[in-house]
Amino acid sequence: MAPDTLGTAPKGLSTEQAAQRLAADGPNDLPHPPKRTLWRIALEVGREPMFQLLAAAVAIYLVLGDVSEASVLLAFLGVIVAITLVQERRTERVLETLHDMTSPRALVWRDGQRQRLAGTQVVCGDLLELTEGDRVPADARLLASNDLLVDESLLSGESLPVAKRASPAPGAAGAGPTLVFAGTLVVAGQGTAEVVATGARSEIGRIGKVLGSIEPESTPLHRQTRQLVRWFSVLGLAVSLTVGVLYVWTHDDWLGGALAGITMAMSMLPQEFLLILTVFMAMGAWRLSQHRVLTRRSATIEALGAATVLCTDKTGTLTHNRMAVDTLVRFDAQGPARWVPSAGDLPEAFHALLRHGVLASERDPFDPMERAIHALGSRHLAALPAAWELVHEYGLSPGLPVMTHVWRESPGLPHTVAAKGAPESVARLCQLPAAQTDAVLAEAAALAGRGMRVLAVAAARWGADPWPGGPEGFAFDLLGLVALADPLRENVPQAVQECRQAGIRVVMITGDHPGTALAIAEQAGIDATAGLLRGDQVAKLSDPELRGLVRSTAVFARVAPQQKLRIVQAFKANGEVVAMTGDGVNDAPSLKAAHIGIAMGGRGTDVARESASLVLLDDDFGTLVRSVRLGRRIYDNLRKAMRFVFAVHVPIAGLTLIPLLFGWPLLFTPMHIAFLEIVIDPVCSIVFEAEDEEADVMQRPPRDPAAPLFSPLLIADSLMQGGLVLLVVGAFYWSLLQAGGPGGQARAAAFVALVVANISLILANRSGAAGLKASLASRNRALWLTLLLTLTMLAAVVGIAALRALFGFELPPPATLAAAVGVGAGVLLLLLLQRAAGRGLARRFGWKLA
């Protein structure tokens, strides 16, 4: 218990004292690997194959004595490195921010007020409040405790929790039951403790164990991408070696052959794929955080778009979690007697019911229902005498969802025992006759049918120690019912409807009364036509029977944590992709079992947050649905970027190889490839990432989680797009050569046509719609800034004589330049026609579009 059990509220440190100690001792954080500095990122960039190919090209130009060409290529190399550094550093900053946001929290007393802080802000001398599910943020000495059990397996390897007792004297010291240690987990009870060591000075710091965040996972997308990059790298190496040998054989020029091989390798190397994944996953996590959703595992972003079932709690997620007592009910010979707060003063006959409801709650409660009971008690009852002390507690259990508190009024007097919980469980605890049980449950069902949470309250007396093994050992008398109202969140019906349109089932799994669950389900728009399943019914079903029933059942009530896990497993066995919300210690197994575990950030425990892959900071179902929408957008844009990268490399590689095969003047050197990379990198990693969602993003069914990102249809579509650009630009280059004009003019015009055609590729792939309007309409500032910069650079290369000479260009006549721009722009219309034709074929043959 907190110190105010004895009537004195703690004050804790002042803000100034805490700031001074934080400055003196440093953050409450353990040593961790150094941050990736710009120099470290630059070294990693230097190991990239593209960088090494460009550096080799610079060296060859220097050997040839072409200093100007080498200098410009070196400048391009610097630009590419700068772009990479900016993107990598941006990603690092996002990840660092998210790491800070997901660090364990601590509830401390500062300036006489309780405050929820990041664990890194805790300092020596802080007063901590510890409750079930909390991760202890620092080593601390217990000042008060009540049935406190702590899991110390992280430190000792001991699997059984350790009972902790408050220090008998302020000066007590040394390891033992009076200390709790950083990183351990409170599994039961409550306590108040004073911090004695933080950071590296804590026990876990001294023994050298570092608590890092969850290890980065190898997600399906990363595995697919690495495999694709390896395949293309091998293919590119083989083709580039062939090109180099062919060039040497036809031109008898070894250095020229090396440059030709390097140019070919650069044109085929798909180094953008891993960059895309890194940026998209980091920026996706950042975008989710802007919607008050923290991402703990990158694989979750991949799974969001595939979710088919959202399993949600009721209290605080579908409802506001702002409880108020609506009705008190007591039972006498004449039947149930009711009182509502609007009736005025509380009649004397209801005092015992409300008093024991307060006694069965925590004295300084967190739970909204307990706060509501306390609020009503403070208005209608005298304050609890300061001498009363909570001496024992029986917590909720799956078999008996009842909270029982034992209070000592003063030495020598019998103890007062108060219990509250599910009406059917309390009725069983009181051993009521069948007729009275039926009357109590009928009244509870009527209240629950109006959407209210219903608790029963009972009282008993106990002479002395020892305590019975469980609440069943007390002789309880039923005092009545407490009905509490918790209104539905206003945005829930719309969010549920949105899920239905998106092919996602919404399932409510709650520990509440069946009547309450059905009433809230009806208000929310959750399909309850198949009725509901109670937890006791779930417990009796075999796994095949449960799998059959979850296909149609969308409301589950009076569900215990073990049953919640079975429900999740049943959905998974049916092939569903399951998102699951949870907030308590006992929810951890089902959160881990779900494809997408979602912890409640507001009311959730630390262990629930650590077991989950997402954390909702506002505990709002609407936020969860927005996360699914954003997950679909991220995946859509990822596919657009991948399609573009596949397509854009086809004409570059083809226009590098074809002149060698047919004896035309070479169109590309490493410098031209470097220019194109400056355009491609930011487009694929920034422009497509920032694209708006598709209009039908929540009007289509979830994607198949087994479907690969690089599907044969996507690759074929990309190759067709790239092949179309290659055919058009290649034919244009051939026609210019056939016309007999200077080779430098033909090369310049073909290069302009290719760059404009690449812009057409960007526009054609930025929307899933097939129309010209959809391709051009955009609120994406990154797109237009990138295109403006590209066209400006292209104009400079063609228009400035010094740059023309470096690129091997000659200024084409205005008519030729206009034709080049027209050819590149016309590619957009051809791409849109190709897409329309592809959609027609897909509808005819039932293909799934890429």
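Remember, predicted model here, so these are calculated numbers, not experimental data.

(A) Representation of the overall build of the protein in the model. Counting its secondary structure elements, the protein contains 29 helices and 22 strands. Considering the protein as a whole, with its 850 residues, one finds that 54% of them fall into the buried category. Within the protein, contacts between residues at least 6 apart in sequence are counted, and of these 73% link residues at least 24 apart.

(B) Summary view of the packing of helix α11 (residues 351-359) against helix α12 (residues 368-380). The N-to-C vectors of α11 and α12 enclose an angle of 130°; their axes lie 9 Å apart at closest approach. When the interaxial angle is binned, α11 and α12 end up oblique. You can see that α11 and α12 cross each other, and the crossing is left-handed. Touching H351, L354, G357 and V358 of α11 are I373, H374, L376, G377 and H380, all from α12. Looking at the contact of α11 with α12 residue by residue, the class counts come to 4 nonpolar, 5 polar and no charged.

(C) A look at unusual backbone geometry. With phi around 65°, R292 is a residue other than glycine that occupies positive phi space. Take R292: it is sitting in the loop between α9 (272-290) and β8 (293-295). The backbone of R558 sits at a positive phi, close to 50°, despite the residue not being glycine. Following the sequence through the fold, R558 ends up in the loop between β19 (555-557) and α19 (561-573).

(D) Representation of the nonpolar core. Ranked by internal contacts, the top residues of the largest apolar core, which has 110 residues, are L310, I526, F621 and F668. In terms of residue count, helix α22 (residues 621-662) provides more of this core than any other element does, 18 residues in total. Of all hydrophobic cores here, the second largest spans 27 residues; its members include V402, M452, A458 and A483.

(E) Expanded view of the sheet that holds strand β16 (residues 477-485). Here we have 7 strands laid out as an open sheet, ordered β11-β10-β16-β15-β14-β13-β12, and antiparallel in their pairing. Of all strands in the sheet, those with a lone pairing partner are β11 (335-339) and β12 (389-394), marking the two edges. For this sheet the average axis-to-axis angle between neighbouring strands, irrespective of direction, equals 25°. Here 7 bridges tie strand β14 (residues 415-421) to strand β15 (residues 452-462), and the two strands are oriented antiparallel to one another. Following the sheet pairing, A419 is matched in β15 by A458.

(F) Up close: the pairing of strand β2 (residues 113-118). Looking at chain direction, strand β1 (residues 105-110) and β2 are connected through 6 bridges and run antiparallel. Each residue of the ladder has a partner; that of L107, found in β2, is R116. Taking the residues that link successive antiparallel strands as the turn, the β1-β2 hairpin has 2 residues, and the phi of D111 there is positive, at about 55°.

(G) Structural detail: the sheet that holds strand β22 (residues 614-616). Strand order across the open sheet formed by 8 strands is β8-β22-β21-β20-β9-β17-β19-β18, with mixed pairing between neighbours. The sheet is open, and its two edges are formed by β8 and β18 (532-534), each paired on a single side. Sheet twist, expressed as the mean angle between neighbouring strand axes with direction ignored, is 20°. The sheet contact formed by strand β20 (residues 578-582) and strand β21 (residues 596-600) spans 4 bridges and is parallel. Bridge assignment links M580 to a residue of β21, and that residue is G597. With respect to the sheet, α19 is in contact with β9 (309-312), β17 (505-509), β19 and β20, its orientation differing from that of β20 by roughly 165°. Packed onto the sheet, α22 meets β8, β9, β17, β20, β21 and β22 and runs at close to 160° relative to β9.

(H) Molecular detail of helix α16 (residues 514-524). With 8 of 11 residues buried, α16 lies mostly within the body of the structure. When α16 is considered as a whole, its buried residues turn out to be P514, G515, T516, A517, A519, I520, A521 and A524. Among the residues trailing α16, G525 stands out with phi positive, at a value near 90°.

(I) Molecular detail of the packing of α22 against helix α25 (residues 743-765). It is at 10 Å that the axes of α22 and α25 come closest, and there the two elements cross at 160°. Judged by the angle between their axes, α22 and α25 are roughly antiparallel. Like other packed secondary-structure pairs, α22 and α25 cross with a definite hand, here right-handed. Residue-level inspection shows K640, R643, F644, A647, V648, P651 and L655 of α22 in contact with α25, the latter providing L754, N758, L761, I762 and N765.

(J) Broad picture of the packing of aromatic side chains. Enumeration over the complete set of coordinates arrives at 10 aromatic pairs. Plain terms: the ring middles of F474 and F476 are 5.8 Å apart, the flat faces sit at 70° to each other, and that makes the pair edge-to-face. According to the relative accessible area criterion, F474 is buried, its value standing at 4%. Judged by relative accessible area, which is 5%, F476 ranks as buried. Considering the side-chain rings of F751 and F809, the 5.4 Å spacing of their centres and the 45° angle between planes classify their relative orientation as tilted. With F751 in helix α25 and F809 in the loop between α28 (801-807) and α29 (814-845), this residue pair connects regions lying 58 residues apart in the sequence. With respect to burial, F751 and F809 carry one shared label: buried. One aromatic cluster in this structure is built from Y394, W462, F474 and F476. When the ring centre of F350 is taken as origin, the NZ or CZ atom of R330, which lies over that ring, is 5.9 Å away. One Lys or Arg, R703, reaches over the ring of Y635 and ends 3.9 Å from the middle of that ring.

(K) Up close: the side chain of H415. You can see H415 is positioned in strand β14. Setting aside chain neighbours within four positions, we find H415 in contact with V391, V406, W407, R408, A460, R461, W462, G463, A464 and W467.

(L) Representation of the pattern of salt bridges within the structure. Counted according to the given criterion, the structure contains 22 salt bridges. With its nearest N and O atoms 2.8 Å apart, the salt bridge here joins R566 to D543. On the criterion of sequence distance, the pair formed by R566 in helix α19 and D543 in helix α18 (residues 543-549) is long-range, its members being 23 residues apart. Look at the salt bridges and you will find they share partners, linking K314, R453 and D512 into a network.

(M) Broad picture of the confidence of the model for the protein. When pLDDT is averaged along the protein, the result is 81, and 80% of the positions lie at 70 or above. With pLDDT under 50 throughout, residues 170-175 is counted as low confidence; its partners more than four residues away or in other chains account for 5 contacts. Low pLDDT, under 50, characterises residues 208-217; the stretch is placed with 16 contacts to residues that sit more than four places away or in other chains.

(N) Structural view of helix α14 (residues 434-448). Here α14 is 15 residues long and its end C-alpha atoms lie 21 Å apart, about the 21 Å a rise of 1.5 Å per residue gives. Where the residues of α14 are buried, they touch β10 (324-332), β11, α13 (423-429), β15, β16 and α16.

(O) Broad picture of the pairing of β21. The element β21 is largely enclosed, with a buried count of 5 among its 5 residues. Residue alternation in β21 divides its side chains into two sets, I596, I598 and M600 and G597 and A599, and both sets are buried. Relative to β22, β21 runs parallel, the two sharing 3 bridges. Pairing of I598 across the sheet is with L614, part of β22.

(P) Structural detail: the environment of V440. Along the polypeptide, V440 turns up in helix α14. By relative accessible area, V440 is classed as buried at 0%. Sequence separation between V440 and R330 is 110 residues, and the spatial gap between their C-alpha atoms is 9.3 Å. Those residues in contact with V440, other than ones at most four positions away along the chain, are F331, L432, L478 and L481.

What counts, and where the lines are drawn
Residues numbered from 1 in each chain as written. Predicted model: local features only at pLDDT ≥ 70, side-chain atom pairs only at ≥ 80, totals over all residues. Heavy atoms only, no water. Helix = DSSP H or I, 4+ residues; strand = E, 2+ residues; numbered from the N terminus. Buried < 20%, exposed > 50% of the residue type's maximum accessible area, 1.4 Å probe, protein only. Contact = heavy atoms within 4.5 Å. Axes fitted to C-alpha atoms, helices over the stretch in contact; angles between N-to-C directions. Parallel < 35°, antiparallel > 145°, perpendicular 65-115°, else oblique. Left-handed = near helix turned anticlockwise from the far one by under 90°. Nonpolar A, V, L, I, M, F, W, Y, C, P; charged D, E, K, R; others polar. Core = buried A, V, L, I, M, F, W, Y, C linked by side-chain atoms within 4.5 Å. Pairing = 2+ DSSP bridges. Phe/Tyr/Trp six-rings, centres within 6.5 Å; stacked < 30°, edge-to-face > 60°. Lys NZ or Arg CZ within 6 Å of the ring centre and 35° of its normal. Salt bridge = Lys/Arg side-chain N within 4 Å of Asp/Glu carboxyl O. pLDDT = per-residue confidence, 0-100. Expected span 1.5 Å × (residues − 1).

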